[in-house]
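Descriptive structure summary
What follows is the residue order along each chain.
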Amino acid sequence: MRRLLGSSPLITVGGAVAVLIVLVAVFAPLLAPYPADAGSATNPVAALQAPSLHHLFGTDQVGRDVFSRVLYGARVSPLVALLVLVIACVVGIPLGVVAGYFGSVADETIMRITDIFLAFPSLLLSLAFAAVLPPSLTSLTIAIAITWWPWYTRLIRGQAASVAGRPYVESCRALGIPTWRILLRHVLPNSVTPLIVQVSLDFGGVILTASALSFLGLGAQDPTPDWGLMVAEGQNYFTTQWWLVTYPGLAILITALAFNLLGDGLRDVLDPRWRGQRGWVNVR
Amino acid sequence: MKLEIRDLEVSFAGRPVASVAELAVDAGEIVGLAGESGSGKSMTILAVLGLAGTAGATVTGSVRLDGQELIGMPEAGLRAIRGRRIAAIFQSPSLAFNPVFRVGKIVTRTLRLHGLSAAEAALRADAAMRSVLLAPDLLSRYPSQLSGGQLQRVAIALALALRAEVLLADEPTSALDVTVQAEVLELLRELRDERGMAILFVSHDLAVIAELCDRVAVMRAGQVVETGPVAQVTTAPRHDYTRELLAAVPRLEVRP
Amino acid sequence: MTAGPLLEIRDLRVSFGPVRALDGVSLDVKKGPFGIALVGESGSGKTTAGRAVLRLVPAAGGTVRFDGQDVLALRGRRLRDYRRAAQIVFQDADNSLDPRMRIGAAISEVLTAHRLPGQRGQDRVATLLAEAALDPALAARYPHQLSGGQRQRVAIARALAVSPRLLVLDEPTSALDVTAQARILALIRRLRAERALAYLLITHNLAIVPELCEQTAVLYLGRIVESGPTADLLARPAHPYTLALCSAVPEIDPAIRRSRIILPGDTPPAGSQPGGCPFHPRCPLAVDLCRVTVPPPREVAPGRLAACHRAEEVLGGLRPPGAPAQLAGGD
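Residues numbered from 1 in each chain as written. Chains lettered and ligands numbered in written order. Predicted model: local features only at pLDDT ≥ 70, side-chain atom pairs only at ≥ 80, totals over all residues.

Overview of the overall build of chain C
Helix and strand content of chain C: 11 helices and 12 strands. Computed over C-alpha atoms, the radius of gyration of chain C comes to 21 Å, within 12% of the 20 Å expected from 2.2 N^0.38 for 331 residues, which places it in the range of a compact globule. Dimensions of chain C, computed from C-alpha atoms along their principal axes, come out at roughly 65 × 45 × 35 Å. When burial is assessed residue by residue, chain C has 51% of its 331 residues classed as buried. Nonlocal contacts in chain C, meaning residues at least 24 apart in sequence, comprise 65% of its contacts between residues at least 6 apart. (Helix = DSSP H or I, 4+ residues; strand = E, 2+ residues; numbered from the N terminus. Rg over C-alpha atoms; globule rule 2.2 N^0.38 Å. Buried ≥ 20, exposed ≤ 12 C-beta atoms within 10 Å, placed from the backbone. Contact = placed C-beta atoms within 7 Å.)

What about the interface of chain C and chain B?
Contacts between chain C and chain B engage 34 residues on the former and 32 residues on the latter. Going through the elements one at a time, α6 (178-195), α7 (209-212), α8 (230-235) and α9 (240-248) of chain C are the ones with two or more residues in the side of chain C that touches chain B. Looking at the side of chain C that touches chain B residue by residue, the classes come out as 20 nonpolar, six polar and eight charged. (Nonpolar A, V, L, I, M, F, W, Y, C, P; charged D, E, K, R; others polar.)

Overview of the pairing of strand β1 (residues 7-16) of chain C
Residue and element names in this part refer to chain C. In this sheet, strand β2 (residues 19-29) lies alongside β1 in antiparallel orientation, the contact comprising eight bridges. In the strand pairing of β2, V14 is matched with L22. Taking the residues between adjacent antiparallel strands as the criterion, β1 and β2 are bridged by two residues, where G17 takes a positive phi near 65 degrees. (Pairing = 2+ DSSP bridges.)

A word on the sheet that holds strand β11 (residues 298-301) of chain C
Residues and elements named next belong to chain C. With respect to topology, eight strands assemble into an open sheet ordered β6-β7-β8-β3-β9-β10-β12-β11, the strand pairing being mixed. Each edge of the open sheet is held by one strand with a lone partner, namely β6 (86-89) and β11. Strand-to-strand, the axes of this sheet are offset by a mean angle of 20 degrees, without reference to chain direction. (Axes fitted to C-alpha atoms, helices over the stretch in contact; angles between N-to-C directions.)

A word on helix α2 (residues 9-31) of chain A
One turn of an α-helix holds 3.6 residues; hence residues three or four places apart share an orientation. Residue and element names in this part refer to chain A. Relative to the 33 Å expected for 23 residues at 1.5 Å per residue, α2 spans just 28 Å between its end C-alpha atoms, considerably shorter than the ideal helical length. Residue A25 marks the point of greatest curvature in α2, where the axis turns by about 50 degrees; the proline P29 follows within four residues. Along α2, the residues classified as buried are I11, G14, G15, A18, V24 and A28. (Expected span 1.5 Å × (residues − 1). Bend = angle between axes of the 7 residues up to and from the residue.)

Remarks on the environment of A258 of chain A
Residues and elements named next belong to chain A. Inspection of the secondary structure assignment puts A258 in helix α11 (residues 243-278). A258 sits in the buried class, given 21 other C-beta atoms within 10 Å. Placed 77 residues apart in sequence, A258 and R181 show a C-alpha to C-alpha distance of 37 Å. Beyond its immediate sequence surroundings of up to four residues, A258 is in contact with G14, V17, A18 and I21.

Here's the deal with the interface of chain C and chain A
Counting residues at the interface gives 20 residues for chain C, matched by 17 residues for chain A. Listing elements by their share of the side of chain C that touches chain A, those giving two or more residues are α2 (76-85), β6 and α3 (103-113) of chain C. Of the residues belonging to the side of chain C that touches chain A, the class tally is seven nonpolar, five polar and eight charged.

Here's the deal with the sheet that holds strand β5 (residues 69-70) of chain C
By way of backbone hydrogen bonds, the strands of a sheet pair with one another, either parallel or antiparallel. Residue and element names in this part refer to chain C. Pairing in this open sheet of four strands is antiparallel, and the strands run β2-β1-β4-β5 from one edge to the other. A single partner strand is all that each edge strand has here, and the edge strands are β2 and β5. Sitting on the sheet, helix α1 (residues 46-53) is in contact with β1, β2 and β4 (61-66), with an inclination near 115 degrees to β1.

A word on the nonpolar core
Counting residues in each nonpolar core, the largest one holds 264 residues, and the members touching the most others are A159, L167, I199, L200, F201 and I209 of chain B together with A157 of chain C. Ranked by residues supplied to this core, first place goes to helix α3 (residues 66-102) of chain A with 18 residues. With sequence-adjacent residues up to four places away left out, F201 of chain B is seen in contact with I30, V31, G32, L33, A169, I209, L212 and C213 of chain B. (Core = buried A, V, L, I, M, F, W, Y, C linked by C-beta atoms within 7 Å.)

A short note on the pairing of strand β6 (residues 86-89) of chain B
Residue and element names in this part refer to chain B. Residues I86 and A88 line one face of β6 and the alternating positions A87 and I89 line the opposite face, and both faces are buried. As judged from the four bridges shared by β6 and strand β7 (residues 166-170), these two strands associate in the parallel manner. Its bridge partner lying in β7, I89 is registered against A169.

Structural notes on the packing of α3 of chain A against helix α4 (residues 104-118) of chain A
Residues and elements named next belong to chain A. It is at 7 Å that the axes of α3 and α4 come closest, and there the two elements cross at 140 degrees. Here α3 is positioned oblique relative to α4, judged by the angle of their axes. Relative to α4, the crossing made by α3 is left-handed. Contacts between α3 and α4 involve L95, V98, A99 and F102 from the first element and S104, A106, D107, I110 and M111 from the second. For the contact of α3 with α4, the per-class residue count stands at seven nonpolar, one polar and one charged. (Parallel < 35°, antiparallel > 145°, perpendicular 65-115°, else oblique. Left-handed = near helix turned anticlockwise from the far one by under 90°.)

Quick word on the environment of V24 of chain A
All names here are of chain A. Turning to its location among the elements, V24 is positioned in helix α2. Taking C-alpha positions, V24 is 21 Å from A41, a pair spaced 17 residues apart along the chain. Setting aside residues up to four positions removed in sequence, V24 forms contacts with L31, L71 and A74.

Below, the structure written as C-alpha cells:
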C-alpha cells in the first residue's frame, strides 16, 4: 500500500488531501468551533460578519459560523458521493458482467436498457428525478445513482466480454467449474481494473453533480450544511459578503480535485506499471 | 566478410543480455543463430540493426558491414542502411505491416524512401513479387487479407526489391505451417544461391537450422557457447548445452 | 463399462456460420493407455475437433460417444460428470491460467468444483504438482512467475486433478522451447503409463507424434484424409498430403533428410472447401476425377483408411514428379 501511495506524486497529493477530508468529516464535531451552527442554531445578531479570529470564514445571513458549516459539510457531500457510487457499482457491475459474458439476448437486452438511460444528459436526468421526488439528501442520492450506473455497466461489459474469450475462462468451463463461480472468481476480478480508476475519478464528479443539484434546491435542504446549498444561499451576497460563496466553493473544488488526482494516480499505477514491474521485457 | 560482429555486448542497466565475441556472415552463406527464448539471439539482431537503443539497451562492440562500422553511426546513416543494405524479417509478419495500408503501398513507399522513382519502385516491386512466387496483384490487398506465409514472402520480396545485401531473419517461419515453412526456407536458399545474399537466420528450431544453414552459433543465456559448420556441430557437438539441445529435438523416425 | 472404444466420433460436423470447420470427421480413441494424433495445419479443423469433443463449441451434426454414452446430448449433472472424465490441456500456456490466481488456488478450485473426496485440499494439490514434475512450493506463486514450460505443466496438473480417462492435448508444446517441449513430452509418456491415460494429441508438428501416439489421423480442411498406425502411416503414406507433410518436416540428420515436396500456394483458411477433393487445388497428383468427386475414406490396407482416388497408387510408391521413391528413411 505504501508503494502504491508513494509511487506517483499525483497519487500522493490526491491521497493525502482525500485522507484529510475524511478526517475532517469524522472529527468535525471536535474541530468545529461552533458545532451547533451546523444544525439548526441561528444567531441573527452576528449575521454577515467578515472573516475574523472568532469566525475564520465569517458568518452567514443567519449568523451561523461558515467555518463550522464547511467542516460539517465534509460529511454530507462525500457521503452522498460514496452512496451513489456504491449503488451504481452494485447495480452496474453485475449487469455488465452478465451482459459481457453471456452475450446474445442478455447482452442486447441489458445494453438497450443502458442505452436508454445514457441517451439523456445525466445532469438533466438527475434533475428530472430529483424534481419529482421530495427534495432531500436521499432523493438526491437516488436521482444521481440512477443516472450513474449505466456508465459502469457499459465499461464492465466490454471488459467482461474480452475476459470471457480468454483461454483461462474457456479452461474453467472445460474443467466443469460452475458458471456462477467463473463469473465471480474469474471474470469479475479481471474486469474491474478500469472501473477502480473510473470510480475514484467519478467521486469528484458526483460531488460536483450533487452540489449542482443542491444549488438548484433539489437536494439538501436548509439547515443541512451542504456545500452546494451554501453556495446557493450565499449567491445573492456574492459581491459584498464574498465569504459565503467562496469557502464552500473552494471546499467543493478541493475535494473534487483531490479525488480526481487520486484516480489519475491510480490509473498510472494500476495499468502498465504493475505489469512492467513483475513482468519481463518482451523484446523477443 | 560481408557482416562482421566482434565483441558485441548488449546490456540493460548494466546487465548483459547478449554477448557475441565473434560472428561473421559472408555473401552467399546462411549462418544460423540457435538458442531458446532468453538466449539473447533476438537482441543481437536488434543490435546489428542499431535498434537496440530504442528498447532501452546499451550496445558496445563492433558490427561492420563491408568494413563500415555500424555501432555508433548516426541515425541518418543507419536509416540509409536499414532496409536498403541490411533487410530484416521477423517472426510475426503481420506486425511488420501497418494494417491500415495496402501492402503494395508499404512496399513502394519504402522503395521510394530509399531513392527510387515511382516507376522504378513499381517495376521492382512487381519483379520481386514474382521472385517469391506471389502474384503481383496481391500488392493491392490489405495485410489482413493475406495469410502469414504470404505476408512473410512479401517481406522477403521487399528485401529483394531493395537489393539488400544482408538479410537478418528472426524466427521467420516459427509461426508458419510446416508446408509453408518449407516454401519460405526454399526461398531463402534461392536468395543465397542466386543473389549471393548474406543471411543471418535466428531460430530455436535446430532441425530447421541444420537443414538451412551453412554455419551455426549456439547461444545460451546471452552467451555464444559453440560455433562451427552446421554438419560438425550437429553430429559432433563440443558443448554440453548443444548436446542437450540436439537430444531434445523430436525426430520423425522413432529410433529403437 | 462397455466394450469398444473409449471415445467414438462419427461424422462430426462443426460450423461457425458459413465456415465448415469440420466436415464429417470419424475416429476412435481406444481405452487407455492409448494415444492417437490428430495432425493438421491451420484451417484443418483439428483444434475445433478437440473443442467439439469436449462440448466447448456446438456441433452441427454427427455423434460423439464416450463409453457408449451420447456426449452431444448431455446436460447438467451428466455434462459435469463428463467434464470429469474427459479433460483438455490448451495450447496457450501463457493465457490458460488466470493471472490473478495463485497456482495452488487454481488447482484446488477444480477439486472444489467437483467436490472430490480424498486427501485434504493442500495435500492433493501438492501431490498433483509433484506428479507433473513441479516443485510443490510453486503453489504459492502466480502464473507470471513461472516459465512457459512450468505453466504448461500446471495446466496438465489441473487437468489431472479430476482423474480423467481421456485427455485432449491441444498443441501442448507449440509455444515452448525445444528443451521444455522435450520435458513435457516425457511427462505425457510417463503419465500415460502411470494412469493408463487415453489421449487425443492435436498437433501440426509431425515430429512429436511417433513417440506419443500409436495411431494417427491426418486432417485437411475439416476432413480426415488418412488414418492408421503411426509408424506405418509415416513410412508408407497413402495420401499425397501426408507425403508432402512428411517431406516438409525439417530433419537434423542429413542421412535421413527427405527431399522436399513443395506444395503450391498456402494452407487454405478453414471452410474454403472447393468442389471435389478438398486437397485437389494443391495436389501434385490430382487428376480430373479429383476435381469433381469427393473421395470417401476407404480401407486401402488393413487398418489403413485413406480418402484419395489414387490412394493405392500412392501406397504402392507413386510419387510426384521429381521426388525420389523413398521419402522417409527406413527404420
